[in-house]
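Next come the chains, spelled out residue by residue.
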Amino acid sequence: MCAALPALLLAGCAARPADAKAEPLTVTGRYPLQYAQQFTIDECAGGYDLVTIDGARYLVLPEGAAVPDALDADITVLQQPIENIYLVSSSAMDPIISLGGLDAVALSGTRAENWYLNEAKAAMESGQIAYAGKYSAPDYETILAADCGLAIENTMIYHTPEVKEQLEKFGVPVLVERSSYESGPLARMEWVKLYGVLLGKTDEAEQLFDDAVQRVAPLEQEPSTGKTAAFFSIASNNLATVRKGGDYVAKMIKMAGGEYVFADLTDSGNNLATVNISLEDFYAGAKDADVLIYNSTIEGEIRTMDELLAKCPLLARCKAVQQGNVWCTAQSLFQQSMELPDLILDMNKVFTEGTPEDSELRFLTKIR
């Protein structure tokens, strides 16, 4: 019956190699994770890995391995090598590039001009990676022609569940990653281990993650600087966008030795990491902050103090503005998900040195 279907749909039939013997799936242990809470990996006999993300299960089969007997119907089978990936979740690109796995990506849900990652932009401009539509409007023809082995989506796909269903109907497995739901920066970065398992690069993933942890480990031994900071942007509708107190950015500020001025902002009944507040409320909370950090990834970069004050003249009365301690993030920040230690170290320099040179920093530029 499977042989009568198009090649792409054979993934759903999970045809077994003739020389492989199928055995029941046997879990032998749990892959160790230090920080991540949004996924687990059960290690199974025969080199299989059972990934669980928010209740969805994916079985990663080594190349040439057979599908286990009596496998639960809800488990999506991913046969290695996993190739021709349709990458919609932009936060997954940096870990994949860091692992040397860019060749596994054939399709992107982000256009070339919207990538801040040089490798991704170059791959699209050279034709190595094709644009296949955003999450809500994929180009099914392009995806099917590429023999797509996996679509990696973020939770925005749940706003258009019919798209996920259609991809799966065509035989394209869909993995919905949830790194943005992790509450800390190291937990987010630990998702590199998931991509290491998918791409058969677990050793590389573990080394990358360990190196990142070691970069910020010395900060754990340092006392708080006592410096307070606000992390924000100002929208065209005259509202300030700030992070909730439990967000990973607030935790990065704390790891860097600072205190987030909106630490008391809590979940308002949704899963959003940000809150929009009036400029008056923002001023009330940030007027005495030692440091202001403008998030350029939402409304674009600000280069001068005049640009900032044009957005909100009230900020001229803020302590950080008067003392010249206002910084802007690079727009590439949130795509460079493996570089979060650099932002933590940047903030630590700002908190401890006051006015480090821009050349000493990776993601922060002083607003003058």
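Residues numbered from 1 in each chain as written. Predicted model: local features only at pLDDT ≥ 70, side-chain atom pairs only at ≥ 80, totals over all residues. Heavy atoms only, no water.

1. Here's the deal with the nonpolar core
Right, so step 1: Core analysis: the largest hydrophobic core is formed by 95 residues, its most contacted members being M93, F282 and L292.
Right, so step 2: Looking at this core, the element that brings in the most residues is helix α14 (residues 340-353), giving 6 residues.
Right, so step 3: Those residues in contact with F282 that lie beyond four places of it in its chain are A230, F232, A240, V242, F262, I277 and L315.
Right, so step 4: Formed by 14 residues, the second largest nonpolar core is a distinct cluster that contains C148, A151, L167 and V172. (Core = buried A, V, L, I, M, F, W, Y, C linked by side-chain atoms within 4.5 Å. Buried < 20%, exposed > 50% of the residue type's maximum accessible area, 1.4 Å probe, protein only. Helix = DSSP H or I, 4+ residues; strand = E, 2+ residues; numbered from the N terminus. Contact = heavy atoms within 4.5 Å.)

2. Considering the sheet that holds strand β3 (residues 48-53)
To summarise the sheet geometry, strands pair through backbone hydrogen bonds and adopt either a parallel or an antiparallel arrangement.
Right, so step 1: Judged by pairing direction, the sheet is mixed, and its 5 strands sit side by side in the order β1-β2-β3-β4-β5 without closing on themselves. Both edges of this open sheet fall to β1 (27-30) and β5 (75-79), since each of them pairs with a single strand only. In this sheet, adjacent strand axes meet at a mean angle of 25 degrees when their direction is disregarded.
Right, so step 2: As defined by bridge partners, strand β2 (residues 40-44) adjoins β3 across 5 bridges and the pair is classed as antiparallel. Note that in β3 the partner of I41 across the bridge is V51. (Pairing = 2+ DSSP bridges. Axes fitted to C-alpha atoms, helices over the stretch in contact; angles between N-to-C directions.)

3. Points about the sheet that holds strand β10 (residues 174-176)
Right, so step 1: Spatially, the 5 strands line up as an open sheet ordered β8-β7-β6-β9-β10, and their pairing is parallel. Single-partner strands in this sheet number two, and they are β8 (130-131) and β10.
Right, so step 2: Both strand β7 (residues 105-108) and β8 contribute to a ladder of 2 bridges, which runs parallel. For L107, the partnering residue across the bridge sits in β8 and is A130.
Right, so step 3: In the packing of helix α5 (residues 161-169) onto the sheet, contacts are made with β9 (150-153) and β10, and the angle to β10 comes to roughly 145 degrees.

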